[in-house]
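Breakdown of the fold
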Amino acid sequence: MSTTALPDPSDATAYVEALARRARTAQRSVAVATRDTKDAALHALADALEAATERVVAANAEDLERARAGGMRAGLVDRLALTPERVAAIASAVREVAALPDPVGELVDGQTLPNGLRVRRRRVPLGVVGMIYEARPNVTVDVAALTLKSGNAVLLRGGSAAESSNAALVDVLRSALEGVGLPADLVATIDPAGRAGATALMQARGLVDVLVPRGGAGLINAVVESSAVPVIETGSGNCHVYVDASADLDDAVSIIVNAKTQRVGVCNAAETLLVHEAVAAAFLPRAAGALWERGVTLHADDAARAVLGDKAGRLVAATEDDWATEYGSLDLAVRVVADVDEAAAHVRRYSTGHTEAVLAQDLRVVDAFTAGVDCAVVMVNASTRFTDGGQLGLGAELGISTQKLHARGPMGLTALTTTQWVVEGDGHVRP
């Protein structure tokens, strides 16, 4: 760690730039580190987190107290909360990252040209990654693990909602890095500089190589529109589940309940249920009953309400706004559609490009839906909740990209690399 004192955080630009320079210096050491070195560091991070569980949970309790006093929605409070079990799961995810192949140096492709030049393209780290997120203390650790394994450094802006949790986590991570001989400045937080620090991070072009916002649509749009640093855009999740006439209705009930209620405040939770008219009468009462048992309010169109009848407090008329809403709560929009084409058309109009699901046994329907929607992930007969780096074998995730350049879908280790061309000759000159 640099012994030069940092500027006062009240001078946000100077503070962030100083941290970015430290990060660039630190990154050079990990860019050339062996896999054994990085994996040993990751195991040290996981051990340190588990050893600090009591401290981390106590810090998190301060954040939770402020969140509840401020009226934060229950789904967001759940996302903010850390328990001993969740800390253990975060540590386990770090060990899973250690077990993954090292992407740095991986040969992407190569050839020998007719003129004898030997050309190959290999993966190299991005450099210094900036991360702006909110009320997600698990992201602090996930991102630190992924950037370390991929040879990068990271600057974190975790927001005021998780300020105490993130401060404790970053301190644990930095101490663990120093304990294994790596620079603590591979992981740093700019939270002491507040919102002005986030603005400074967005303007630190040349010092920060890429910026990843992770949060609600407002946060993401603000970063995309204001940043001078290149941005990998993660998206909000207005996710749909379409139940076709050919679906296994028992499975469909289980899937929609899981997609909506397993954890409501996350971007891969279902927000709209689309049901083929041929099975609406058979499926909707069963699905609604299971959802109502879990406290879900249904925002239903006329056709769905005609099937379900009058259920005061549990069933309300859907408005146009409902189709475009990412609730993040125990609310679900419901619409009856004529067929898969109408379902896909609805999704195309209202989707945020995150995750869409089709429940069908007819392969023609599956093909029509997957070809007819434009999103990062399509689930076939599975819950939208599987759109997650850990669930899809990435160990952890930086976020879920809904853009189409560089990375799309859950971003793991390879998304934190770029490529470098290496061209070898034997005295070649261009004629």
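Residues numbered from 1 in each chain as written. Predicted model: local features only at pLDDT ≥ 70, side-chain atom pairs only at ≥ 80, totals over all residues. Heavy atoms only, no water.

Going by an unreviewed UniProt entry, the chain carries the name Gamma-glutamyl phosphate reductase and comes from Actinomyces radicidentis. Quoted verbatim from the Function (unreviewed entry) heading of the UniProt record, the comment on the chain is "Catalyzes the NADPH-dependent reduction of L-glutamate 5-phosphate into L-glutamate 5-semialdehyde and phosphate. The product spontaneously undergoes cyclization to form 1-pyrroline-5-carboxylate." In its Catalytic activity (unreviewed entry) section, UniProt records this for the chain: "L-glutamate 5-semialdehyde + phosphate + NADP(+) = L-glutamyl 5-phosphate + NADPH + H(+)". (UniProt positions renumbered as here; feature names shortened; annotations may be inferred.)

Some remarks on the layout of surface pockets
Quantified by volume, the largest pocket comes out at close to 890 Å³. Asn138, Asp142, Arg263, Arg385 and Asp388 are, among the 30 residues lining the largest pocket, the residues nearest its centre. Counting residues per element, the ones that place at least two in the lining of the largest pocket are helix H5 (84-99) and helix H6 (137-149). With six residues, H5 is the largest single contributor of residues to the lining of the largest pocket. (1 Å grid on protein atoms, 1.4 Å probe; cavity = no way out; pocket = protein on both sides within 12 Å on 5 of 7 lines; lining within 4 Å. Points joined across faces, edges and corners; volume = space filled by probe spheres on them. Helix = DSSP H or I, 4+ residues; strand = E, 2+ residues; numbered from the N terminus.)

Details of the packing of aromatic side chains
For the structure shown, the criterion picks out one aromatic pair. Both rings, one in Tyr242 and one in Phe369, keep their centres 6.1 Å apart while their planes meet at 15°; by these two values the pair is stacked. Highlighted residues: Tyr242 in strand S7 (residues 239-243) and Phe369 in helix H15 (residues 363-372), separated in sequence by 127 residues. Exposure remark for Tyr242: the relative accessible area of 0% places this residue in the buried category. In this structure, Arg121 is placed above the aromatic ring of Trp421, and the distance from its NZ or CZ to the ring centre is 5.6 Å. (Phe/Tyr/Trp six-rings, centres within 6.5 Å; stacked < 30°, edge-to-face > 60°. Buried < 20%, exposed > 50% of the residue type's maximum accessible area, 1.4 Å probe, protein only. Lys NZ or Arg CZ within 6 Å of the ring centre and 35° of its normal.)

Focus on the packing of helix H2 (residues 35-51) against helix H7 (residues 163-179)
Interhelical geometry of H2 versus H7 gives an angle of 135° and a closest axis separation of 9 Å. Classified by the angle between their axes, H2 and H7 sit oblique to one another. For the crossing formed where H2 meets H7, the hand is right-handed. Facing Ala44, Leu45, Ala48 and Leu49 of H2, the residues of H7 in contact are Leu169, Val172, Leu173, Ala176 and Leu177. Residue classes in the contact of H2 with H7 are distributed as nine nonpolar, no polar and no charged. (Axes fitted to C-alpha atoms, helices over the stretch in contact; angles between N-to-C directions. Parallel < 35°, antiparallel > 145°, perpendicular 65-115°, else oblique. Left-handed = near helix turned anticlockwise from the far one by under 90°. Contact = heavy atoms within 4.5 Å. Nonpolar A, V, L, I, M, F, W, Y, C, P; charged D, E, K, R; others polar.)

As for the domain arrangement of the chain
For the chain, the assigned domains are domain 1 (12-233 + 408-424) and domain 2 (239-393). Taking the mean C-alpha position of each, domain 1 and domain 2 sit 33 Å from one another. Domain 1 puts nine residues into the contact, and the matching count from domain 2 is 15 residues. For the pairing of domain 1 and domain 2, the buried interface totals around 860 Å² over both sides, and the portion due to carbon and sulfur atoms is 48%. Between domain 1 and domain 2 we count two salt bridges in total. Put simply, Arg408 and Asp374 hold a salt bridge, and the shortest N to O gap is 2.8 Å. For the pair domain 1 and domain 2, the interface holds six residue pairs in polar contact (both at pLDDT 80 or more). Breaking the side of domain 1 that touches domain 2 down by element, the ones donating at least two residues are helix H4 (74-80) and strand S15 (409-410). For the side of domain 1 that touches domain 2, the element with the most residues is H4, which contributes three residues. Its residues assigned to classes, the side of domain 1 that touches domain 2 shows two nonpolar, two polar and five charged. (Domains from an automatic or database assignment. Buried area = accessible area lost by both parts, 1.4 Å probe. Salt bridge = Lys/Arg side-chain N within 4 Å of Asp/Glu carboxyl O. Polar contact = N/O pair within 3.5 Å; in protein donor to acceptor, adjacent residues only side chain to side chain.)

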